[in-house]
Amino acid sequence: MTSAVSTPVRHKIRKSFNERVLTWLAVGIFIFLYLPIVILIIYSFNDSGRGAATVWSGFTFDWYLDVFQDQAIIGSLRVSLWVAFWSTIISTILGTLSAIAMERFRFWGKVTYDAILYLPIIIPDIVMALSTLLFFVVLGISLSRYTILVAHIAFNIAFVAIVVRARLADMDDSLEEAAADLGANPWETFRRVTLPLLFPGILSGALLAFTLSLDDFVITFFVAGPGSTTLPVRIYSMIRFGITPAINAVSTLLFLGSTLLVIISLVLQRRT
Amino acid sequence: MSASVQLENVTKEFGLVVAVDDISLTIEDGEFFSLLGPSGCGKTTTLRLIAGFEQPTIGQISIMGQPVAGVPAYRRPVNTVFQSYALFPHMTVAKNVAFGLEMAKVEAKEVKRRVNEALELVQMGTYHERKPTQLSGGQKQRIALARALVNRPRVLLLDEPLGALDLKLRKDMQLELKQIQSEVGITFIYVTHDQEEAITMSDRIAVMSNGLVQQLGGSREIYEQPANRFVADFIGETNFIEGKVVEADGSQITLESNGVSFTGVARQSLSAGTKAALAIRPEKLTLVNADEADRSNGRVTMNGTIADVIYIGTDNRYQIDLQTGDKIFARVQNLGAAETKEFKKGEAVCVQWHPNNGQVLTE
């Protein structure tokens, strides 16, 4: 009788011990990941003047006012958002269509296409950047915000396709057959069954694409033309003149923007 | 009765694999027809050919007299209940059931009325606003059935619809499906690998293996007169006693093995010298003490030794080593200790059966 009573108790103790270890591990990882960002945010309020940005000298909102009055920063934010917006729209459409084609159809050269589609994820950024630049030069296309756009679409398609395809692969094939069985033609099946079920995947693919586009430095740096500086490229060029809390302030805004996007995507996904 | 679905010399190949091999079937209007066989026998492919999810490599399929070659799934007057149920997870139960009617552009009021009616039919009248994820397996099964039946198809195709349910629920649903079928009076084509299920529910069964129909017939015919060894072995339990034909008198065949001769019936004529086996069901055998056997009652009698006894409640299951060298099973109904003699392991027994119960089968 004693063992029958004591076994569940011991089991409970062990479980709570495991839980505690895992909880602290998770807390440690979160600190490791987010402490630098917290420091960045704190120092964006550092009233250090033009002096040493790394020494705390009081609290101020001035850097944020500076940022919003800095035409160069606002200009490059505009370029960044423009590139991110259009590259997201176009790469989401093309990436989703590629994913559906890869998952649902058999066609000539599929294996090759499959490999090539995911290549931008594996190739180092610097190689992508150089080859894209070379491509534009060879074709005699002058660099502008449109060349940035094309370059971003190129790498974003791969990421969207991967996310959407994972969702498609999880989807029961018989759902589409069931729709056809119930009289839905291929277009109705796509509109009423495939697309709604894929939507969370498409949305997270799109948000990933938007974030990647907003973040990208290396490729953009190579293919950006005069007057088409994106925010990360602007931050980089500002750092060359010394780190100021203004850079921290811009980075903080960039961070808050991305976080907001992620929260929106989570809320939307939960609702569907 | 008229033909509801007709398959004429239908073959379906996937690359080098022949999934369905030159099948011809005529399924009558209002019939409960089962396609029965082990996995990979071609039964599901046959169903998918009728549904229009696959096109035959060769041959013709007609539904209600109309050839359906090239007619896509969404224009065929059939509906399917899928093994995985395939309920749309982003729609409520009511939306799922209404889907087919909305595709057919049925008026909204009429849609509502028929959805209610269909959900009542499967006893799910209070589940309109649930999502499929909030339903149990049995409930999903009912909704899948309602979603198909609401369209009033001429033919309902069911692909192992009870496969994912536990035994008790499956038994209940078998009866209910059968009842619904007689209520709505449409043709059911039912794919299953469960022979007991097929026998309980079907008007006729096509037993399939390797893409071929091995036997087509009613439940009783398929169980009592299997056409070949595959059918005898797949449907229920069967003993095989191997031998050679020594004499054929019409359908009465005498076999010989190890100096013992025994008779059975055959569906086709067999010539002397042919290798054949006698198939006999375990419940058709009676066991008597070796020294008490009446050998003049017209029954086939063989000597054997009890090799093992398994008590399974309703029956005793005996494994017996026959004098022919074959191992067979006998099921003896448990009528209680007062009426049923229990044999012990190692005991010598006589096994007897009526010659009409032994089916002589070739390979």
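Remember, predicted model here, so these are calculated numbers, not experimental data.

Considering the layout of surface pockets
Then comes step 1: Considering only enclosed or pocket space, the largest pocket measures out at about 880 Å³ in volume.
Then comes step 2: Residue lining of the largest pocket: 24 residues in total, with Arg104, Phe105, Glu176 and Glu177 of chain A together with Phe53 of chain B positioned closest to the centre.
Then comes step 3: Of all the elements in the fold, those that place two or more residues in the lining of the largest pocket are helix H3 (71–104), helix H7 (173–181) and helix H8 (186–215) of chain A.
Then comes step 4: Split into classes, the residues belonging to the lining of the largest pocket amount to 11 nonpolar, five polar and eight charged.

Considerations on the interface of chain B and chain A
Then comes step 1: Across the boundary between the two partners, chain B contributes 21 residues, which contact 18 residues of chain A.
Then comes step 2: Taking both sides of the interface into account, the surface hidden between chain B and chain A amounts to around 1,700 Å²; carbon and sulfur atoms contribute 64%.
Then comes step 3: When the area that chain B buries against chain A is broken down by residue, the three leading residues are Tyr74, His90 and Met103 of chain B, summing to 34%.
Then comes step 4: On the surface where chain B and chain A come into contact, there are two salt bridges.
Then comes step 5: With a shortest N-O distance of 3.0 Å, arginine 192 of chain A and glutamate 102 of chain B are connected by a salt bridge.
Then comes step 6: Scanning the region where chain B abuts chain A turns up eight residue pairs in polar contact (both at pLDDT 80 or more).
Then comes step 7: Tallied by class, residues from the side of chain B that touches chain A come to 12 nonpolar, six polar and three charged.

Looking at the packing of helix H4 (residues 137–149) of chain B against helix H5 (residues 167–184) of chain B
Residues and elements named next belong to chain B.
Then comes step 1: It is the contact of H4 with H5, at a shortest axis distance of 12 Å, that shows an interaxial angle of 15 degrees. Judged by the inter-axis angle, H4 sits roughly parallel to H5. In the crossing of H4 with H5, the sense of the turn from one axis to the other is right-handed. Two secondary-structure elements touch here, H4 through Gly138, Gln141, Arg142, Leu145 and Leu149 and H5 through Leu169, Met173, Glu176, Leu177, Ile180 and Val184.
Then comes step 2: Here the contact of H4 with H5 is composed, by residue class, of seven nonpolar, two polar and two charged.

A look at the environment of phenylalanine 45 of chain A
Residue and element names in this part refer to chain A.
Then comes step 1: Relative to the assigned elements, phenylalanine 45 resides in the loop between helix H1 (2–43) and helix H2 (62–69).
Then comes step 2: In the structure, phenylalanine 45 is positioned 19 residues away from tyrosine 64 in sequence and 8.3 Å away in space, judged by C-alpha atoms.
Then comes step 3: Apart from residues lying up to four places away in sequence, phenylalanine 45 is in contact with Trp56, Gly58, Phe59, Thr60, Phe61 and Tyr64.

Digging into the sheet that holds strand S10 (residues 212–217) of chain B
All names here are of chain B.
Then comes step 1: The strand order across the open sheet formed by six strands is S6-S7-S8-S3-S9-S10, and the pairing between neighbours is mixed. Of all the strands in the sheet, just strand S6 (78–81) and S10 have a single pairing partner and so form its edges. With direction set aside, neighbouring strand axes in the sheet form an average angle of 20 degrees.
Then comes step 2: Here S6 runs beside strand S7 (residues 155–159); their pairing, made up of four bridges, is parallel. Paired with valine 78 across the two strands is valine 155, which belongs to S7.
Then comes step 3: Lying on the sheet, H4 is in contact with S6 and S7; it crosses S6 at an angle near 175 degrees.

Structural notes on empty space enclosed by the protein
A probe as big as a water molecule, rolled over the atoms, marks out the empty space that is left.
Residues and elements named next belong to chain B.
Then comes step 1: Under the definition given, this model contains two cavities of 30 Å³ or more.
Then comes step 2: Considering only enclosed or pocket space, the largest cavity measures out at about 70 Å³ in volume.
Then comes step 3: Only helix H7 (219–224) and strand S14 (275–280) provide two or more residues apiece to the lining of the largest cavity.
Then comes step 4: The class makeup of the residues in the lining of the largest cavity is five nonpolar, three polar and three charged.
Then comes step 5: For the lining of the largest cavity, the domains that each give at least three residues are domain 1 (3–231) and domain 2 (240–361).

A short note on the sheet that holds strand S18 (residues 327–333) of chain B
Residue and element names in this part refer to chain B.
Then comes step 1: Taken together, the five strands give an open sheet; going across it, the order is S15-S19-S16-S17-S18, and neighbouring strands pair in antiparallel fashion. Looking at which strands have only one partner, the edges of the open sheet turn out to be strand S15 (286–289) and S18. Each neighbouring strand pair of the sheet contributes to a mean axis angle of 45 degrees, computed without reference to strand direction.
Then comes step 2: Direction of pairing for S15 relative to strand S19 (residues 348–353): antiparallel, over a ladder of four bridges. Looking at S19, one finds that leucine 287 is bridged to valine 351.

What counts as what
Residues numbered from 1 in each chain as written. Chains lettered and ligands numbered in written order. Predicted model: local features only at pLDDT ≥ 70, side-chain atom pairs only at ≥ 80, totals over all residues. Heavy atoms only, no water. 1 Å grid on protein atoms, 1.4 Å probe; cavity = no way out; pocket = protein on both sides within 12 Å on 5 of 7 lines; lining within 4 Å. Points joined across faces, edges and corners; volume = space filled by probe spheres on them. Helix = DSSP H or I, 4+ residues; strand = E, 2+ residues; numbered from the N terminus. Nonpolar A, V, L, I, M, F, W, Y, C, P; charged D, E, K, R; others polar. Contact = heavy atoms within 4.5 Å. Buried area = accessible area lost by both parts, 1.4 Å probe. Salt bridge = Lys/Arg side-chain N within 4 Å of Asp/Glu carboxyl O. Polar contact = N/O pair within 3.5 Å; in protein donor to acceptor, adjacent residues only side chain to side chain. Axes fitted to C-alpha atoms, helices over the stretch in contact; angles between N-to-C directions. Parallel < 35°, antiparallel > 145°, perpendicular 65-115°, else oblique. Left-handed = near helix turned anticlockwise from the far one by under 90°. Pairing = 2+ DSSP bridges. Domains from an automatic or database assignment.

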